[in-house]
Structure formats: structure tokens, C-alpha cells
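Listed below, chain by chain, are the residues.
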Amino acid sequence: MLSRNTFRAARSPTSVRHLSARASTILGALDIPFTTDIPGVYDGAWGGTGDLLESVCPSTGEVLARVRSASPPELHQALNKSREAHLFLRNLPAPRRGEVLRQIRESLAAKRDALGALVSLEMGKINTEGVGEVQEFVDICDYATGLSRMMNGRVVASERPGHTILEMPNPLGLVGVLTAFNFPVAVYGWNFSLSFAAGNANVWKPSPTTPLCAIAVTKIIADVLERNGIPGAVSTLLTGGKDLGEAIVDSPDIPLISFTGSEAVGRVVGRAVQSRFGKTILELGGNNGMNFKRAHHDRPEIPMSSFGLHSSTASIIMPDADLSMAVPAVFFGAVGTAGQRCTSTRRLYLHRDIASRFLDALQKLYATVRVGDPLVGSTLLGPLHTSAAVGIYSNAVERLREKGAQILTGGRRYDQEGLRQGNFVQPTIAIPKSVDPTDAIWNTETFAPVLNVAIFDELEQAIDWNNAVPQGLSSSLWTRDLRNLGKWIGPQGSDTGIVNVNVGTSGAEIGAAFGGNKSTGWGRESGGDAWKQYVRWSACTINFSDAAPLAQGVDFSA
């Protein structure tokens, strides 16, 4: 549980609070009350009688709102309503569900800027990224609208005369979606859109540090559902903490759990759901890297929020790479969202021939970063999400120093006027003494803007380093040699779920499936074939002949 986002003793719902004009304007634009405690439960009606959550602005430390979470009886009531809502939704033709998604898309687009500003206010990412995150939800609604007419099964040829085999998709029932703080809008969008198109009701437990984003999104969805006569519990919202998350994960009424968070908690979720033979979609980070090379021819608790996501994403830079593209891409990958994406670049592998030149150019970009209020258009670096995250950042930098790493830039908290009230830290570039992938410096992600650099001589060495960590979300190779490209994306190459060439590790589009391999969880969300996880599949053999032969020529006649 994070220090400023804790449960507090119940207070009177009539207590009046006063917000800054900046915050009250944003909340007001989304019809979120801010003078009294806010209900954090929606199952067709708004409620909440559980503990209070405080939403805290990471830029200023201002308490934005107090949200009343779900109590155990409200959880059970909401699940009952969601089951009933599914019985309605499953009989609604899929193209009709697609039309509802189109309307949700229109409503989200109309509130895109206001919702994006709320993401910046509550989560802390800069405004262009906050708006971009809402656009992801808009885009996946477009995708799912079309998909609603194309969620096809398959006709399989039968070996028996007068028979045919159909592979049929049908709705699962309920889908539980547990999301993290760093994408408080988009990740639910990825899951809800595909799941709704497939005919499922959805139960959303957001991070308790970003309840306002979840409430704002749910208000928009609920309004569209009501206009179409669809029970609101097809998109149930349950805010709360560890106990609530555990109850959702353990519920036999929810056949599919989609969980985004840390590797450690993902292991707990995976075991719990598997023990009841449920399904999971696990998105557990990536520890990502980038590579650049010269062309040859030239049961712990389920916490309420997840930091220390194990992702370790990497980039490899080859000497023939176009540095005018590669340097800004690494800059965004490492510094964007203050290093709080699961696809943020954590490891940078530079070919020896261009290492000095690349690092000089990258440090010049770091020196120009504009840090401050994420709602200001010129800002490039906002705060970390909580004060606890600042402590994690500081500990990671201290470990690097203790192990003799060279800190090229950063390594400290910003302490000047206007920043010290928030969770602002300096983007850091470090060159560790050792390139041992088993060392925690390399194989455990710090969810902050810390970039570790190593030098290599051959692409094969960099690929080995890229693949040696337990995680496997995103990776990137920068080269203009087709032979390097072929090796990188083939069986000898990167083992991550996202394998890019001349594109950074961050900023995936919605059309392809998003997800990682190995301890990143093997889950896939968003585009591609991800929708197939939200349905149950049945093989249906149909006999339209006048005989009933057995398969494989078996003769069982008397």
C-alpha cells in the first residue's frame, strides 16, 4: 500500500472540501463531485460503504478527492448484478454490441481532452501522453466495433460422410479486470472493448491510487449503456484494496482474470486462478532493451498498486543505425512517462564503435528535458506517481553507486522551488561495472527513469544479454542491415513479445496484440487474436446424414 494513498477512518460524507482551481476545473469538466466523498462502486447504481481512498496529485501533493470503496456485501451484490447483466448481453447480437461500442467511442472522444487532463492530474504523465492514452481507448472501440462482425468460428472438414465440424466461440460470462496506476484508462479500454464485443460482463478493479480516472471512464460508459437500455453492471466498477482484489481473483463466478501489475503479484494471481481452473491474461512488465550495430558491409499480498514491475526492456544500437532517429527514440523510451511504462527502456546496449557518440548526444537531450507540471504543454517530464516510488528510485541509484557504476547524469531528486512538493526525480543514465544479466541491476526493473548502459562488440552478444533476463516484453534493434534484421526477428533473435526494428520499445499501436513472454506473463491484449481469449470455444460435430459412423473407422456393431 502506498504511503499517501491509504485507507483512512470513515468520515462524514457531508464534510466539505476545497480544491485548487486547477483540480476543481478538471474534475468539474467530468462531472466528478469534489466537495464531498465520492462513491467508488458502480453496478448499475452508484454506491460505496467501504473504506475511504484518498487520491493524491503527484505533482503537488494535493488531496484531490476521497473515494468510498466497495464493502464485502457490495462486492457480492455487484457480482450478482454482473451475472444477471451478462444473461442480457449474451443475447444481444454482436453487431448490436458493436454499435454500442461505437457510441462509447463517440462519448470518449467528446471528453478526450478533459479525461486526458485528469490522467495527468491524478497519475502524473504529461498531458500529451494523457490525451494519447484516452485516444487508445477511442481507437480500440473503433477496432472492436468492426470486430463485432468478424468474431468468427471455423468450419472443419469431417472424415465422416454427411458430417461437418464447427468451432464455435461463445461468451465466457464475467471478466475481471485488475489494472495498474500507470495506464489508468487505456488498459481497461483494451479489455472492456474486446470483452464487451464478445458478450461478456466486466468487473473492473482499478489501482486504488487512480480511482478518479476509473470513475470518470465508468460515468461515460454508464451513460451510453443507460441510453441503450443495457444493464449498467455489464461494466461494473469496484474501487478498493488488497482484500477486494483477492476476492475478485478467487471468485469462481469470474472465469477470466486480466491482471496488469508486478511479476510477484502476477505469480500469486496466476496460481490462485489456476487452482480453480480459471483463465488469466497476465501483463507483468518487460525489462526492455535497445540494440544498435554496424552493418557488416559497413502468496504474498495482492497490493493495491504495483511498483517494481519486472520488465527490464532493452534497446540495441548498431553502428549503422540512424542516430538522428535512434537517440530521440531512446530518450522518449527512457524518460517518457517518467520511466513508468512497462515498455520503458531500462537497458541500452551500444556497439563499441558508436557508444561515445551516442551517449554524448543522449546526454545533451537529457540536459534539455523540461520538468514540471504535467498539465503544461511544454513539460516533457512529470512526477513519479507516489512518494514511495521516489524512495524506490533513490534506492536503485544508491545500489548502482555502491556497485561502482558510473552515473553519467541524474541520480537525485529535484529539490528546487515548485518541484519539491511533488515526486520529481532526475532522469538517470548509468554504466554499471558488470554486465552480468543475473545481477539485480540488470534483471529487476526500477519503475522510474533509470537507464543502464553496456557496450558490446557483436550482435550475438547483445542478443544474449537481451534474452538472459527472466522477463520478455519489448525490445528494439536499430540497424540498416537486413541480415541483422532477419537474425533479430527470427529464432536466433529476441525472445520478447514485442520485437521492434528502428522503432523504440514504447508506444505500441492497438492493431497488434500487446503482451510479453516468459515471466512477463504470456498474456495478450488489444489487437491481433487477443479477442479469442475472451470467449469459450466449442467443437461442434454435426451429423446431417442417415447414418452414424464412428471416427477413425471404429466398428462397435453388435
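Everything numeric in this text was worked out from a predicted model, so none of it was measured.

*Asks:* For the overall build of the chain, give the residues involved together with the corresponding values.
*Replies:* Looking only at helices and strands, the chain features 15 helices and 26 strands. Taking 24 Å as the expected radius of gyration for a compact globule of 558 residues, we find that the chain reaches 25 Å, a close match to that expectation. The principal-axis extent of the C-alpha atoms belonging to the chain is close to 80 × 70 × 40 Å. For the chain, the proportion of its 558 residues judged to be buried stands at 59%. As presented, the chain carries roughly 21,200 Å² of accessible surface, and 53% of it is formed by carbon and sulfur atoms. On the chain, the mean spot of the 52 positive side-chain charges and the mean spot of the 52 negative ones are 2 Å from each other.

*Asks:* Which residues make up the nonpolar core, and what values go with them?
*Replies:* Judged by nonpolar contacts, the single largest core of 100 residues is most densely connected at Leu-115, Leu-118 and Leu-212. In terms of residues, this core owes the most to one element, helix α7 (residues 211-227), which gives eleven residues. Aside from chain neighbours lying at most four places away, what touches Leu-118 is Ile-26, Leu-27, Leu-30, Ile-32, Met-123, Leu-212, Cys-213 and Ala-216. Counting residues in hydrophobic clusters, the runner-up holds 53 residues, among them Val-327, Ala-329, Val-369 and Trp-465.

*Asks:* Residue-level account of the side chain of His-163, with values.
*Replies:* Along the chain, His-163 turns up in strand β8 (residues 163-171). Only 2.8 Å separates the side chain of His-163 from the backbone oxygen of Pro-161, close enough to count as a polar contact. At 3.5 Å, the side chain of His-163 forms a polar contact with the side chain of Asn-543.

*Asks:* Could you give me a rundown of the pattern of salt bridges, with the residues and numbers involved?
*Replies:* Enumeration over the complete set of coordinates arrives at 25 salt bridges. Residue Arg-66 is joined to Asp-37 by a salt bridge in which the shortest nitrogen-to-oxygen separation is 3.0 Å. Note that Arg-66 is positioned in strand β6 (residues 63-68) and Asp-37 in the loop between α1 (21-29) and β2 (38-39), a separation of 29 residues in sequence. The two residues Arg-66 and Asp-37 agree in class, both being buried. Linking Lys-242 and Glu-246 is a salt bridge whose minimum nitrogen-to-oxygen distance equals 3.9 Å. Of this pair, Lys-242 and Glu-246 both sit in helix α8 (residues 242-250), separated by four residues, roughly a single helical turn. By relative accessible area, which is 18% here, Glu-246 ends up buried.

*Asks:* Mind laying out the sheet that holds β8, listing which residues take part and the relevant values?
*Replies:* The strand order across the open sheet formed by three strands is β7-β8-β26, and the pairing between neighbours is antiparallel. Since the sheet does not close on itself, it has two edges, and those belong to β7 (154-157) and β26 (535-543), each with one partner. Within this sheet the neighbouring strands show an average axis-to-axis angle of 25 degrees, counted without direction. Examined bridge by bridge, β7 and β8 share four bridges and lie antiparallel to one another. In the sheet register, Arg-154 faces β8, and the bridge partner there is Glu-167.

*Asks:* Before we move on, can you summarise unusual backbone geometry with the specific residues and values?
*Replies:* The backbone of Thr-337 shows a phi angle near 55 degrees, a positive value even though the residue is not glycine. Tracing the chain through its elements places Thr-337 in the loop between α10 (323-335) and β16 (345-351). Here the phi dihedral of Ala-338 falls at roughly 55 degrees; this positive angle occurs in a residue that is not glycine. The class for Ala-338 is buried, based on a relative accessible area of 3%.

*Asks:* Please give an account of a nonpolar patch on the surface that cites residues and values.
*Replies:* Taken together, the side chains of Leu-550, Val-554 and Phe-556 present a nonpolar region at the surface, about 350 Å² in accessible area. Mapped onto the secondary structure, Leu-550 falls in the segment after β26.

*Asks:* Could you give me a rundown of the environment of Pro-470, with the residues and numbers involved?
*Replies:* Structurally, Pro-470 can be placed in the loop between α14 (459-467) and β20 (471-472). For the pair Pro-470 and Asn-443, spaced 27 residues apart in sequence, the C-alpha separation works out to 7.0 Å. When residues no more than four places from it in sequence are discounted, the contact partners of Pro-470 are Asn-443, Lys-518 and Ser-519.

*Asks:* Describe the pairing of strand β5 (residues 52-56), and please don't skip the residues or the numbers.
*Replies:* In terms of burial, β5 is a largely internal element, five of the five residues being buried. Pairing of β5 with β6, which is carried by five bridges, proceeds in the antiparallel orientation. Within β6, the residue paired with Leu-52 across the bridge is Arg-68.

*Asks:* Can you break down α8 residue by residue, with the values?
*Replies:* Among the residues of α8, those classed as buried are Leu-244, Gly-245, Glu-246, Ile-248 and Val-249. Structurally, α8 contributes buried residues whose contacts are with α2 (72-89), β9 (174-178), β10 (201-205), β11 (235-238), β12 (256-260) and α9 (263-275).

*Asks:* With reference to specific residues and values, describe the packing of α10 against helix α11 (residues 355-367).
*Replies:* Look at α10 against α11: their axes get within 10 Å of each other, and the N-to-C directions meet at 50 degrees. By the criterion of interaxial angle, the relationship of α10 to α11 is oblique. When the axes of α10 and α11 are compared, the crossing they make is right-handed. On α11, the residues that touch Leu-323, Ala-326, Val-327, Pro-328, Val-330, Phe-331, Ala-334 and Val-335 of α10 are Arg-357, Phe-358, Ala-361, Leu-362, Leu-365 and Tyr-366. Looking at the contact of α10 with α11 residue by residue, the classes come out as 13 nonpolar, no polar and one charged.

*Asks:* Break down the packing of helix α4 (residues 112-122) against α7 for me, with residues and values.
*Replies:* It is the contact of α4 with α7, at a shortest axis distance of 9 Å, that shows an interaxial angle of 165 degrees. Taken together, the axes of α4 and α7 lie roughly antiparallel to each other. Judged by the twist between their axes, the crossing of α4 over α7 is left-handed. Two secondary-structure elements touch here, α4 through Leu-115, Leu-118, Val-119 and Glu-122 and α7 through Pro-211, Leu-212, Cys-213, Ala-216, Val-217 and Ile-220. In terms of residue class, the contact of α4 with α7 is made up of nine nonpolar, no polar and one charged.

*Asks:* Can you break down the sheet that holds strand β4 (residues 46-47) residue by residue, with the values?
*Replies:* Two pairing modes exist for strands in a sheet, parallel and antiparallel, and in both the strands are linked by backbone hydrogen bonds. Strand order in the open sheet formed by seven strands is β4-β3-β11-β10-β9-β12-β13, and the pairing between neighbours is mixed. Each of the sheet's edge strands pairs with one partner strand only, and the pair in question is β4 and β13 (279-283). Alignment of β12 against β13, held across five bridges, turns out to be parallel. When the bridges of β13 are listed, Leu-256 appears paired with Lys-279. Packing against the sheet, helix α6 (residues 186-198) makes contact with β9, β10, β11, β12 and β13, and its axis sits at approximately 165 degrees to β10.

What counts and what doesn't
- Residues numbered from 1 in each chain as written.
- Predicted model: local features only at pLDDT ≥ 70, side-chain atom pairs only at ≥ 80, totals over all residues.
- Heavy atoms only, no water.
- Helix = DSSP H or I, 4+ residues; strand = E, 2+ residues; numbered from the N terminus.
- Rg over C-alpha atoms; globule rule 2.2 N^0.38 Å.
- Buried < 20%, exposed > 50% of the residue type's maximum accessible area, 1.4 Å probe, protein only.
- Areas by Shrake-Rupley, 256 points an atom, 1.4 Å probe, with all protein chains shown as cover.
- Lys, Arg positive; Asp, Glu negative; His and termini not counted.
- Charge placed at Lys NZ, Arg CZ, Asp CG, Glu CD.
- Core = buried A, V, L, I, M, F, W, Y, C linked by side-chain atoms within 4.5 Å.
- Contact = heavy atoms within 4.5 Å.
- Polar contact = N/O pair within 3.5 Å; in protein donor to acceptor, adjacent residues only side chain to side chain.
- Salt bridge = Lys/Arg side-chain N within 4 Å of Asp/Glu carboxyl O.
- Pairing = 2+ DSSP bridges.
- Axes fitted to C-alpha atoms, helices over the stretch in contact; angles between N-to-C directions.
- Patch = residues over 30% accessible without salt bridge, like charges linked within 9 Å, V, L, I, M, F, W, Y side chains within 5 Å.
- Parallel < 35°, antiparallel > 145°, perpendicular 65-115°, else oblique.
- Left-handed = near helix turned anticlockwise from the far one by under 90°.
- Nonpolar A, V, L, I, M, F, W, Y, C, P; charged D, E, K, R; others polar.

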